[in-house]
Amino acid sequence: MTNLSEPEVAQKKWFCATNTDNMRNIIAQGLITEPAGFTKYYTDVLEIHNGYIPLFKDAVPSDILEKSISEVDDLKLCIIEFSIDDIQGLVNAWGRPSSDGLLEEDQLFSFDLKRLNEQDVDTLFIPTPLPTSCIKNIIFPSKDDKNLFEKDAGIYSNVPLTDLKLKIEVKLFSKGATAEYLQGLMLPEKTLINYPEVYAFGGMLAALFYFSKNGVVSNNVYHSICDSTDMTDIVDIDIRLIAHFFQKDTSLESERSKMYHGLLNVIVNGKDVKENIIEFLENLDNFDADKSKNRAQQLSKTLLRFESITEKTASEQFHDAKTPLEKMLLMLFLRERVEDLMEYSIDEFEELDYLLFAMVFGIRDKFIKIPKLLREFKNLQRHITTKMAAYAHQSIGSNILFSGSSVLVQPLTLVDMFEKNDFKIWFANKAPKINNCLKTTIKIPNGSYTFNSTPSGLEIIFDGEPRKPKTEVVDEVFYRAIWTKNCELYNKYLAQYNKMK
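Residues numbered from 1 in each chain as written. Predicted model: local features only at pLDDT ≥ 70, side-chain atom pairs only at ≥ 80, totals over all residues. Heavy atoms only, no water.

Asks: Please explain the packing of aromatic side chains as it appears in this structure.
Replies: How two aromatic rings sit relative to each other is given by the distance of their centres and the angle of their planes. Taken as a whole, this structure holds 32 aromatic pairs when the rule is applied. A ring pair is formed by Phe-478 and Tyr-479, whose centres lie 5.2 Å apart and whose planes are at 75°; its orientation type is edge-to-face. Each member of the pair, Phe-478 together with Tyr-479, is buried. Put simply, the rings of Tyr-210, Phe-211, Phe-318, Tyr-344, Phe-349, Tyr-354, Phe-357 and Trp-483 touch in pairs and so form one group of aromatic residues. The positively charged end of Lys-40 is found above the aromatic ring belonging to Tyr-42, 5.0 Å away from the centroid. (Phe/Tyr/Trp six-rings, centres within 6.5 Å; stacked < 30°, edge-to-face > 60°. Buried < 20%, exposed > 50% of the residue type's maximum accessible area, 1.4 Å probe, protein only. Lys NZ or Arg CZ within 6 Å of the ring centre and 35° of its normal.)

What follows is the structure in structure tokens.
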């Protein structure tokens with residue numbers, strides 16, 4: 001007798017609809033959020049239950065499709081297909097849970113997403129935000145709409161389509177069932193998220209990733225913050241105070257910590273960063289030490305002069321700065337974008353200066369202003385958006401987590417790659433060529449030697465065979481050179497590293 005295995009049940013698909021304008025904003029900001037998380041939002045299903053993303057099983061209801069393009073003329077439809085395998089935590093659903101026996105009507109219920117029985121559920125309600133790493137496909141009703149979306153994305157400086165799959169499925173946009181039941185549901189009220197802070201966290205991580213190239217210290221700081229460790233290995237107090245802003249550490253109550261917290265608060269939440277910084281420095285009412293108040297007021301005057309015509313060069317201004325904090329603020333007033341910082345250097349700067357600048361520039365610019373060329377680094381967009389979403393949920397005590405092979409793809413930093421000596425030598429010679437950073441040792445047998453001077457260099461003649469030469473990189477020369485090198489060709493470097501593995 002032959003045993004026939006049960007036929008394999010096809011995995012269900014989970015969809016949500018929106019318009020292409022919202023879709024571009026989602027990619028730019030890196031998160032699918034409630035309307036409050038958008039810089040510009042057009043009506044769609046996200047406004048029906050604020051703080052929840054409805055995911056429909058196998059098809060999007062007709063009224064939800066219509067709602068997505070109802071606000072203004074010329075909006076174009078698209079459907080997002082989600083991968084939910086890597087999302088964990090408590091969610092709500094509309095359907096008929098099998099645990100309730102023979103249920104005649106659909107109902108709202110909650111459960112742990114790890115225990116999802118797809119047969120029980122018609123609609124999932126997942127708490128916002130979700131990272132763009134959870135997007136499996138972006139689906140269009142026609143080739144023209146898909147091509148137009150790709151063309152428009154190319155115009156924007158912050159809409160990379162890296163790691164996103166675009167498809168055409170006409171049938172998904174045909175008229176079918178409606179979802180009137182959505183309006184009457186009472187989902188649990190959700191705690192508000194400070195989205196400017198979430199996006200600032202993502203901007204900081206992206207900037208730190210790029211500047212982690214500058215050395216082992218920079219690389220360790222990036223990994224410590226990204227992995228949410230206790231950061232006890234961060235020795236520098238200024239770097240640690242910025243990192244602790246996002247950890248909500250209330251144990252640091254020194255004048256310096258209050259200064260950093262106050263400044264970062266206005267940088268994250270203010271509308272005019274320079275004006276807000278000046279105003280903060282001139283009104284330190286909650287500071288006890290007169291010395292701190294006086295120095296802050298002097299600093300505000302320096303920043304104001306820095307904005308106007310001055311006899312001092314930028315290099316002289318930085319030389320006169322008494323603390324890392326003052327250097328950091330001067331740089332904020334000197335350069336407008338992370339991209340500008342990538343191209344700027346003077347001899348006054350050390351590795352820790354660049355590290356401090358990277359953190360505060362990323363915080364000011366937020367993820368949405370991180371240049372596309374960085375976000376197109378392989379796996380960086382997926383990784384940072386996942387970290388942002390995890391930070392957002394952690395900030396409100398949500399139990400939503402993101403784990404698994406598809407979302408937790410950790411991009412290698414250049415310093416991670418430099419652990420392979422052959423790649424490090426290749427980089428020094430071939431990438432942003434760095435002179436005088438290689439040291440080669442050759443061991444030759446004992447005996448007598450003949451030295452000849454040739455046009456191409458000194459020639460040594462001896463009996464026997466030398467041992468294999470050993471070439472090493474002189475780190476002090478290598479990394480100091482990298483501080484001023486542009487390393488935008490990350491994907492090329494990664495491809496070379498993978499070849500040499």
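So much for the structure itself; the text now carries on.
Asks: Which parts of the structure should I look at to understand the packing of helix H8 (residues 255–269) against helix H12 (residues 324–334)?
Replies: Their axes nearest at 12 Å, the elements H8 and H12 cross at an angle of 15°. Taken together, the axes of H8 and H12 are roughly parallel relative to one another. The crossing of H8 and H12 is left-handed. On H12, the residues touching Met-259, Tyr-260, Leu-263 and Ile-267 of H8 are Leu-325, Met-328, Leu-329 and Leu-332. Residue classes in the contact of H8 with H12 are distributed as 8 nonpolar, no polar and no charged. (Axes fitted to C-alpha atoms, helices over the stretch in contact; angles between N-to-C directions. Helix = DSSP H or I, 4+ residues; strand = E, 2+ residues; numbered from the N terminus. Parallel < 35°, antiparallel > 145°, perpendicular 65-115°, else oblique. Left-handed = near helix turned anticlockwise from the far one by under 90°. Contact = heavy atoms within 4.5 Å. Nonpolar A, V, L, I, M, F, W, Y, C, P; charged D, E, K, R; others polar.)

Asks: How do you make sense of helix H20 (residues 490–500) when you look at a structure like this?
Replies: For an α-helix, the turn length of 3.6 residues means that residues three or four places apart are oriented alike. Of all the positions in H20, only Tyr-490, Tyr-493, Leu-494, Gln-496 and Tyr-497 are classed as buried. For H20, the buried positions fall inside an angular range of 160° around the axis, keeping them on one side. For H20, the secondary structure elements touched by its buried residues are helix H5 (195–211), helix H17 (414–417) and helix H18 (421–430). (Arc of directions from axis to C-beta.)

Asks: What am I meant to see in the sheet that holds strand E4 (residues 77–82) here?
Replies: Neighbouring strands of a sheet are bound in pairs by backbone hydrogen bonds; such pairs are parallel or else antiparallel. Spatial strand order, E7-E6-E8-E3-E1-E4-E10-E11: 8 strands in an open sheet with mixed pairing. Bordering the open sheet on either side are strand E7 (107–112) and strand E11 (166–168), each of which pairs with just one other strand. Mean inter-strand twist for the sheet, computed between neighbouring axes without regard to direction, equals 35°. Pairing between strand E1 (residues 14–19) and strand E3 (residues 52–57): 2 bridges, direction antiparallel. Counterpart to Trp-14 in the pairing with E3 is Lys-57. Across the sheet, helix H3 (residues 143–155) is in contact with strand E10 (135–140) and E11; its angle to E11 comes to roughly 160°. (Pairing = 2+ DSSP bridges.)

Asks: Would you mind showing me how to read a nonpolar patch on the surface here?
Replies: On the surface, Ile-442, Ile-444, Tyr-449, Phe-451, Leu-458 and Ile-460 cluster together to form a nonpolar patch covering roughly 570 Å² of accessible area. Among the elements of the structure, strand E14 (449–454) and strand E15 (457–462) are those that each provide at least two residues to the nonpolar patch. Tracing the backbone through its elements, the reader meets Ile-444 in the loop between strand E13 (438–441) and E14. Relative accessible area serves as the criterion here: at 32%, Ile-444 is assigned to the partly exposed category. (Patch = residues over 30% accessible without salt bridge, like charges linked within 9 Å, V, L, I, M, F, W, Y side chains within 5 Å. Areas by Shrake-Rupley, 256 points an atom, 1.4 Å probe, with all protein chains shown as cover. Salt bridge = Lys/Arg side-chain N within 4 Å of Asp/Glu carboxyl O.)

Asks: Just checking my understanding: could you explain the environment of Leu-458 for this structure?
Replies: Among the secondary structure elements, Leu-458 is positioned in strand E15. On the basis of relative accessible area, Leu-458 is assigned to the exposed category, the value being 61%. Residues Leu-458 and Lys-190, spaced 268 residues apart in sequence, show a C-alpha to C-alpha distance of 75 Å. Discounting chain neighbours no more than four positions away, the residues touching Leu-458 are Phe-451, Asn-452 and Ser-453.

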